Amino acid sequence: MTVRSLPHRITVSEYDRMIDKGILKEDERIELIRGEIVAKMPIGDPHIDCVNCLTQLFVRAVANHVTVSIQNPVRLADSEPEPDVVLKRSGTRGKPSPADILLLIEVAESSLEYDRDVKGPLYAEAGIGEYWIVNIIENCVEVYRDPRPDGTFGDMRTYRVGERIELLALSGMVVAVAEVLGT
């Protein structure tokens, strides 16, 4: 008989307590995904430049209406991912829940497959209404909308330089793909 070892899954509360007690350090490059502590991908210069560009773009455009949160955790049922950019409702304190999130963005270079295949379904299951992957490799923005409980999005579109994206939750807010990519 073969005995198979299963990973021990932890809750969001246990994860937060581990941070509070100093077992996990706030500056460690980890996040909680589906009850497992996973290492985050390294960040390269193009990723840093894109996140900086997105920060400036959204702070200028929406700072009076929403809070722009950069590389901070969001609280989901069994996860605390740390997306690159989150636009959350004004007045939301601490880690936002899905109901507080207006737009969630991951910048993808080495993490492209992970952002599509692991984080995308996670965000859809949680009911995140709009999820973007800024795809540095293909120089485009993948926009996912209409989340479904089965981990899929009903609407997925790819936008390229020369096109504009209207934000679902912020009526009238339109951004150029070139601005998002910093080109």
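Look a little higher up for the structure.
Residues numbered from 1 in each chain as written. Predicted model: local features only at pLDDT ≥ 70, side-chain atom pairs only at ≥ 80, totals over all residues. Heavy atoms only, no water.

J.: Sorry, what's going on with the side chain of Asp115 here?
T.: Within the secondary structure layout, Asp115 lies in helix α3 (residues 112-126). Buried charged residue Asp115 carries no salt bridge. Nearest counter-charge: Lys119, at 4.5 Å. One polar contact links Asp115 to Ser111, side chain to side chain, over a distance of 2.8 Å. (Helix = DSSP H or I, 4+ residues; strand = E, 2+ residues; numbered from the N terminus. Buried < 20%, exposed > 50% of the residue type's maximum accessible area, 1.4 Å probe, protein only. Lys, Arg positive; Asp, Glu negative; His and termini not counted. Salt bridge = Lys/Arg side-chain N within 4 Å of Asp/Glu carboxyl O. Polar contact = N/O pair within 3.5 Å; in protein donor to acceptor, adjacent residues only side chain to side chain.)

J.: Mind showing me how you'd approach the sheet that holds strand β3 (residues 66-70) here?
T.: Whether parallel or antiparallel, the strands of a sheet pair through hydrogen bonds between backbone atoms. Reading across the sheet, the six strands line up as β3-β4-β5-β6-β7-β8 and stay open at both edges, with mixed pairing between neighbours. Looking along the sheet, the strands with just one partner apiece sit at the ends: β3 and β8 (153-160). Geometrically, the sheet is characterised by an average inter-axis angle of 15° between neighbouring strands, direction not taken into account. The strands touched by helix α2 (residues 45-62) are β3, β4 (85-89), β5 (101-108) and β6 (130-135); relative to β5, the strand with the most contacts, the crossing angle is about 155°. (Pairing = 2+ DSSP bridges. Axes fitted to C-alpha atoms, helices over the stretch in contact; angles between N-to-C directions. Contact = heavy atoms within 4.5 Å.)

J.: I'm lost on the layout of surface pockets in this one. Help?
T.: Rolled over the atoms, a probe with the dimensions of a water molecule shows which regions are left empty. The volume enclosed by the largest pocket comes to roughly 230 Å³. Together, 20 residues line the largest pocket, and Arg29, Lys40, Met41, His47 and Ser111 are the ones closest to its centre. Only β5 and α3 provide two or more residues apiece to the lining of the largest pocket. Across the lining of the largest pocket, the residue classes break down as six nonpolar, five polar and nine charged. Its boundaries defined by the atoms lining it, the second largest pocket holds a volume of some 200 Å³. Taken together, 13 residues line the second largest pocket, and the ones lying closest to its centre are Tyr15, Ile19, Glu26, Pro73 and Glu82. Ranked by residues supplied to the lining of the second largest pocket, first place goes to helix α1 (residues 12-20) with three residues. Residues of the lining of the second largest pocket, tallied by class, amount to five nonpolar, one polar and seven charged. (1 Å grid on protein atoms, 1.4 Å probe; cavity = no way out; pocket = protein on both sides within 12 Å on 5 of 7 lines; lining within 4 Å. Points joined across faces, edges and corners; volume = space filled by probe spheres on them. Nonpolar A, V, L, I, M, F, W, Y, C, P; charged D, E, K, R; others polar.)

J.: Teacher, can you tell me more about the environment of Trp132 here?
T.: With respect to the element layout, Trp132 can be found in strand β6. Note on Trp132: relative accessible area 0%, which makes it buried. Considering only alpha carbons, one finds Trp132 and Glu106, 26 residues apart in sequence, at a separation of 6.4 Å. Once residues within four sequence positions are removed from consideration, Trp132 is found in contact with Phe58, Leu103, Leu104, Ile105, Glu106, Val141, Glu142, Val143, Ile165, Leu167, Val175 and Val180.

J.: It is not clear to me how a negative patch on the surface should be interpreted in this structure. Could you clarify?
T.: Among the surface-exposed residues, Asp20, Glu26, Asp27 and Glu28 lie close enough to one another that they form a single negatively charged patch. Mapped onto the fold, Asp20 is located in helix α1. Looking at Asp20, the relative accessible area reads 66%, which means it is exposed. (Patch = residues over 30% accessible without salt bridge, like charges linked within 9 Å, V, L, I, M, F, W, Y side chains within 5 Å. Areas by Shrake-Rupley, 256 points an atom, 1.4 Å probe, with all protein chains shown as cover. Charge placed at Lys NZ, Arg CZ, Asp CG, Glu CD.)

J.: Honestly, the nonpolar core in this entry has me stumped. Any pointers?
T.: General note: in soluble globular proteins, nonpolar side chains tend to be found buried as a group. The biggest cluster of nonpolar side chains holds 27 residues, and the ones touching the most others in it are Leu54, Phe58, Leu87, Trp132, Leu167 and Val175. If one sorts the elements of this core by residue count, α2 sits on top with six residues. Not counting residues up to four positions away in its chain, the partners in contact with Phe58 are Ala63, Val68, Val85, Leu87, Leu103, Ile105, Trp132, Leu167, Met173 and Val175. Core analysis: the next-biggest nonpolar cluster, separate from the first, contains 16 residues, Val74, Val86, Ala108 and Ile128 among them. (Core = buried A, V, L, I, M, F, W, Y, C linked by side-chain atoms within 4.5 Å.)

J.: I tried to follow α2 on my own but got confused; where do I start?
T.: Given 3.6 residues per helical turn, the α-helix brings residues three or four places apart onto the same face. In this model α2 runs 26 Å from its N-terminal to its C-terminal C-alpha over 18 residues, within 8% of the 26 Å that 1.5 Å per residue would give. Among the residues of α2, those classed as buried are His47, Cys50, Val51, Cys53, Leu54, Leu57, Phe58 and Val62. Angular distribution of buried residues about the axis of α2 spans 160°; they occupy a single face of the element. More than 90 degrees from the buried face of α2, the exposed residues found are Asp45, Asp49, Gln56 and Arg60. In this fold, the buried residues of α2 make contact with β3, β4, β5, β6, β10 (174-176) and α4 (177-181). (Expected span 1.5 Å × (residues − 1). Arc of directions from axis to C-beta.)

J.: What exactly am I supposed to notice about the pattern of salt bridges here?
T.: In a structure, side chains of opposite charge can pair up when their charged atoms sit close to one another. Throughout the structure, instances matching the rule amount to 14 salt bridges. The network of salt bridges with common partners includes Asp16, Arg75, Glu80 and Lys95.

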